[in-house]
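Structural features, examined
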Amino acid sequence: MKKLIGKNIIKTAIFISGKGTNLLNLIKFSHTKRSPIKIEAIISDKSKAKGLNFAKRYDIKKFVINFKKKGLAERKTLAFLYENQIDLVCLAGFMKILSKNFIKNYRGKILNIHPSLLPKYKGLNTHERVIKNKEKYSGCTVHFVNSKLDAGKIILQKKVKITKKDNPKTLSKKILKQEHILYPRAIKKIFL
Ligand code: GRF
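Every value quoted in this text rests on a predicted model; they were computed, and no experiment measured them. (Residues numbered from 1 in each chain as written. Predicted model: local features only at pLDDT ≥ 70, side-chain atom pairs only at ≥ 80, totals over all residues. Heavy atoms only, no water.)

Attention now goes to a positive patch on the surface. A grouping of K19, K50, K169 and K173 is seen on the molecular surface, where their side chains present a positively charged patch. Position of K50 among the secondary structure elements: in the loop between strand 2 (37-44) and helix 2 (53-57). A residue is classified by how much of its surface remains accessible, and K50, at 57% relative accessible area, is exposed. (Patch = residues over 30% accessible without salt bridge, like charges linked within 9 Å, V, L, I, M, F, W, Y side chains within 5 Å. Areas by Shrake-Rupley, 256 points an atom, 1.4 Å probe, with all protein chains shown as cover. Salt bridge = Lys/Arg side-chain N within 4 Å of Asp/Glu carboxyl O. Lys, Arg positive; Asp, Glu negative; His and termini not counted. Charge placed at Lys NZ, Arg CZ, Asp CG, Glu CD. Helix = DSSP H or I, 4+ residues; strand = E, 2+ residues; numbered from the N terminus. Buried < 20%, exposed > 50% of the residue type's maximum accessible area, 1.4 Å probe, protein only.)

Right, dumping it as C-alpha cells:
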C-alpha cells in the first residue's frame, strides 16, 4: 500500500454485487478535489446488479464476470485488473469471497466495507443477528482484506446507536448512511 502513496491518482476498481450505493458514493467522492482515487472500473459477479448502471452514467468501464467457476473467474478478473493497471480494489457490497491466491496478487491493496463493528458479526445477515442479540450499538467498518473473512486490519469504524424501535431494515438504513461517510474517510486516511 505504501508504494501507492505519492502516486498522484490511484487507479481504482470497485467490486459490487447489488445496488451500489457505496459505489455511487465513491464515484462522487472521486470527483472531489481532495480525492486520491480515480475509478477506472466497476466489476460485478451479477449481470443484473443495479450498480452497473452507474458505469454508463459516469462513463466508467464495466466488467461482469460469472463466479460459478471461481478459479477461472478470478484469473480473468486479475487479467482485467492488470490490463487496466488497477492499483486499488474497493469491495462495496461484493458478495463473493475472494481466494487466497487472488488476495496474494493484490496484497494490501484490497479494501472492504462491512456493516458491523468488526470483529463482531462477521459474515452475512449482520443486522438481523445484531437485533436478535439485543445489542445497544452496531456500526460499520472499513478494513484491509486478508485471506480470512472480514478479519483484515481495521482502518476506520463508526458506531451507530440502536433504539428499541429499530428493526434490521431501519438499522441497515442508518448504518448505510454512515458507510457513505466512512469509506471516503478511510481512503483519505490511508492515502493523504
Ligand atoms: C453495504 O451494507 C456493505 O457494507 C455491505 O453490503 C452493502 C452494500 O450496499 N458489504 P450497496 O450495494 O453499496 O448499496
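On we go from here.
Another aspect to go through is the site of the ligand. Taken together, K19, G20, T21, N22, G93, I113, H114, P115, L176 and E179 form the complete shell of residues around the ligand. N22 is positioned such that a nitrogen or oxygen atom in its backbone is 2.8 Å from an oxygen atom of the ligand. Contact with the protein chains hides 81% of the accessible area of the ligand, taken as 370 Å² for the molecule alone. Of all elements in the fold, only helix 1 (21-30), strand 5 (110-114) and helix 6 (168-191) reach the threshold of two or more residues within the shell around the ligand. (Near = heavy atom within 4 Å. Polar contact = N/O pair within 3.5 Å; in protein donor to acceptor, adjacent residues only side chain to side chain.)

So, about the sheet that holds strand 4 (residues 88-91). Spatially, the 7 strands line up as an open sheet ordered 3-2-1-4-5-6-7, and their pairing is mixed. What marks the edges here is a single partner per strand, and that holds for strand 3 (61-64) and strand 7 (154-161). Adjacent strand axes in the sheet meet at a mean angle of 20° when their direction is disregarded. Summarising the sheet, strand 5 and strand 6 (residues 137-144) pair through 4 bridges and their orientation is antiparallel. Paired with L111 across the two strands is F144, which belongs to strand 6. (Pairing = 2+ DSSP bridges. Axes fitted to C-alpha atoms, helices over the stretch in contact; angles between N-to-C directions.)

Here the focus is helix 1. For helix 1, a buried count of 8 out of 10 residues is recorded, marking the element as mostly surrounded by other parts of the structure. Packed against the buried residues of helix 1 are strand 1 (10-16), strand 2, helix 2, strand 4, strand 5 and helix 6. (Contact = heavy atoms within 4.5 Å.)

Bringing the nonpolar core into the picture now. Within soluble globular proteins, side chains that are nonpolar tend to cluster in buried spots. Counting 37 residues, the largest nonpolar core has I14, L26, I42, C90, L111, Y183 and I187 as the members making the most contacts within it. If one sorts the elements of this core by residue count, helix 6 sits on top with 8 residues. Within the second largest apolar cluster, 21 residues are counted, among which are A13, F63, L91 and I110. (Core = buried A, V, L, I, M, F, W, Y, C linked by side-chain atoms within 4.5 Å.)

As enumerated under the stated definition, the model contains 5 salt bridges in all. Taking the shortest distance from any N to any O, the salt bridge between D45 and K96 comes out at 3.3 Å. Residue D45 is located in the loop between strand 2 and helix 2, and its partner K96 is located in the loop between strand 4 and helix 4 (100-105); the two are separated by 51 residues in the primary sequence. For D45, a relative accessible area of 9% puts it in the buried group. Two residues, K174 and D166, come together in a salt bridge whose shortest N-O distance is 2.5 Å. A relative accessible area of 11% places D166 in the buried class. Taken together, the shared-partner salt bridges connect D45, K46 and K96 into one network.

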